[in-house]
Amino acid sequence: MLMDVHYETEFRSDRPTVIFGSSLGTDGSMWKPQLEALGATWNTVTFDLRGHGKSPLSEVSPSIDTFADDVISVADALGVRTFAYCGLSIGGVIGQSLAARYAERVDALVLASTGLTILTPRALNERADRVLAEGMAGVAEASVSRWFNARFRAAQPEVVAAKTEHMRGMNARGYADACRALAGFDGAQIAADIKAPTLVIAGADDVATPPADGQKLASAIEGAVYQEIPDASHLCNVEQPELFVGLLREHIEEYARGVR
C-alpha cells in the first residue's frame with residue numbers, strides 16, 4: 001500500500017538525481033553534509049521512513065519492500081525515471097530491495113553501514129516489543145553510543161545530543177514497525193538480482209554493522225566494490241563527511257546515466 005511519505009529536495013530538471021535513505025531512528029537531516037556537497041550539481045532527495053521524521057505512521061505493517069516502493073513513489077512524484085540511490089543502515093537494506101526489484105530505475109547504488117541482514121530477527125522483534133512497552137528513551141541512549149565512536153562523541157557532543165533527543169521524541173510504533181521490517185529481510189535471497197554498479201561502505205569502528213558485514217554484502221553482489229572509512233562508526237557519513245562524500249561522488253558520477 002503506497003502512501004505519501006515526506007520528502008525534501010532541491011530539484012532542477014536538467015540535473016541527475018540521487019535519493020538518500022536514512023538510518024533507523026533518524027530522518028533526512030542526517031544527510032546534511034552530503035546535500036551541501038552535491039547540491040550544486042545534483043538533485044538531492046531525502047525521504048523519511050514511515051513513522052519517522054515528518055512521515056505519518058503506516059496504516060499497515062510495512063516490509064522492506066514497502067519502504068522500497070515508497071522510494072519509487074517519491075521518484076515518480078518528481079518525474080524522475082532513473083536515479084542514484086545511497087542508503088545507510090536500514091536505508092541500505094531498502095537499497096538492496098530497490099535495486100533488485102526495480103533494476104531499470106537505479107543507475108548506481110551506494111550501501112553504507114549495512115549488511116545482508118542487520119542483527120537477528122529475535123533481537124529486532126525484542127527491541128520492537130521493548131520500545132512499545134517502555135518508550136524510546138532507553139533505545140535512544142543505547143543507539144547513539146553505537147552511531148558514533150568515542151572520539152566523535154567527545155569532540156562533537158552537541159551533534160550527539162541532538163541525535164539522541166530526536167530519537168527520544170520519535171513515535172515508538174514507527175520505530176517498532178521498522179525493526180519488524182528488518183527482521184523479515186534476508187538480502188542473501190536477492191543479492192544476485194542486483195545489477196546496478198554498487199559501492200559498499202563500512203565504518204572501521206562500526207559495532208552495529210561491522211566491516212565484516214559490509215565485506216560479505218559486497219561479495220554477494222556481482223561487481224560490487226568495498227571501501228572502509230577509518231575512525232568512523234555507524235553514522236560514518238556524519239563522522240567523516242568529506243571521506244564519505246568523496247567515495248559517494250566518485251561512484252555515482254562514474255555511473256550516472258544522466259537526466260531521465
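Above this text you will find the structure in question.
The text that follows walks through the structure, step by step, so that each part is easy to find.

Scoring rules and cut-offs
Residues numbered from 1 in each chain as written. Predicted model: local features only at pLDDT ≥ 70, side-chain atom pairs only at ≥ 80, totals over all residues. Heavy atoms only, no water. Helix = DSSP H or I, 4+ residues; strand = E, 2+ residues; numbered from the N terminus. Rg over C-alpha atoms; globule rule 2.2 N^0.38 Å. Buried < 20%, exposed > 50% of the residue type's maximum accessible area, 1.4 Å probe, protein only. Contact = heavy atoms within 4.5 Å. Areas by Shrake-Rupley, 256 points an atom, 1.4 Å probe, with all protein chains shown as cover. Axes fitted to C-alpha atoms, helices over the stretch in contact; angles between N-to-C directions. Parallel < 35°, antiparallel > 145°, perpendicular 65-115°, else oblique. Nonpolar A, V, L, I, M, F, W, Y, C, P; charged D, E, K, R; others polar. Left-handed = near helix turned anticlockwise from the far one by under 90°. 1 Å grid on protein atoms, 1.4 Å probe; cavity = no way out; pocket = protein on both sides within 12 Å on 5 of 7 lines; lining within 4 Å. Points joined across faces, edges and corners; volume = space filled by probe spheres on them.

**Details of the overall build of the protein**
In terms of regular secondary structure, the protein is built from 11 helices and 7 strands. Radius of gyration (C-alpha) of the protein: 17 Å, near the 18 Å computed for a compact globule of 260 residues. For the protein, the spread of C-alpha atoms along the three principal axes comes to 45 × 40 × 35 Å. Within the protein, the proportion of its 260 residues that are buried is 55%. If you take every contact in the protein between residues at least 6 apart in sequence, the share linking residues at least 24 apart comes to 78%. Taken as a whole, the protein presents about 10,600 Å² of accessible surface, with 50% of it coming from carbon and sulfur.

**Observations regarding the packing of helix H2 (residues 64-78) against helix H3 (residues 90-101)**
One can describe the packing of H2 onto H3 by two numbers: an axis separation of 8 Å at closest approach and a directional angle of 75°. One way to sum up the angle between H2 and H3 is to call them roughly perpendicular. Residues Ile64, Asp65, Phe67, Ala68, Asp69, Val71 and Ile72 of H2 pack against Ile90, Val93, Ile94, Ser97, Leu98 and Arg101 of H3. Of the residues contributing to the contact of H2 with H3, the split by class is 9 nonpolar, 1 polar and 3 charged.

**Describing the packing of helix H5 (residues 137-147) against helix H7 (residues 157-168)**
At their nearest, the axes of H5 and H7 sit 9 Å apart, and the two run at 145° to each other. Along this stretch, H5 crosses H7, giving a crossing that reads as right-handed. When H5 is examined against H7, the residues Ala137, Val139, Ala140, Glu141, Ser143, Val144 and Trp147 are found in contact with a partner set consisting of Val160, Lys163, Thr164, Met167 and Arg168. For the contact of H5 with H7, the per-class residue count stands at 7 nonpolar, 2 polar and 3 charged.

**Things to note about the layout of surface pockets**
The space that makes up the largest pocket amounts to roughly 240 Å³. Along the walls of the largest pocket sit 15 residues, with Glu8, Gly28, Ser29, Leu35 and Thr46 positioned nearest its centre. Broken down by element, the lining of the largest pocket gets its largest block of residues, 4 residues, from strand E1 (residues 7-10). Tallied by class, residues from the lining of the largest pocket come to 3 nonpolar, 7 polar and 5 charged. The space that makes up the second largest pocket amounts to roughly 200 Å³. Surrounding the second largest pocket, 15 residues form its lining, Leu24, Arg127, Arg146, Ala208 and His234 being those nearest its centre. Elements represented by at least two residues in the lining of the second largest pocket include exactly H5 and helix H8 (172-183). Counting residues per element, the lining of the second largest pocket draws most heavily on H5, which supplies 3 residues. Of the residues belonging to the lining of the second largest pocket, the class tally is 9 nonpolar, 4 polar and 2 charged.

Any functional reading would require information that these geometric values do not contain.
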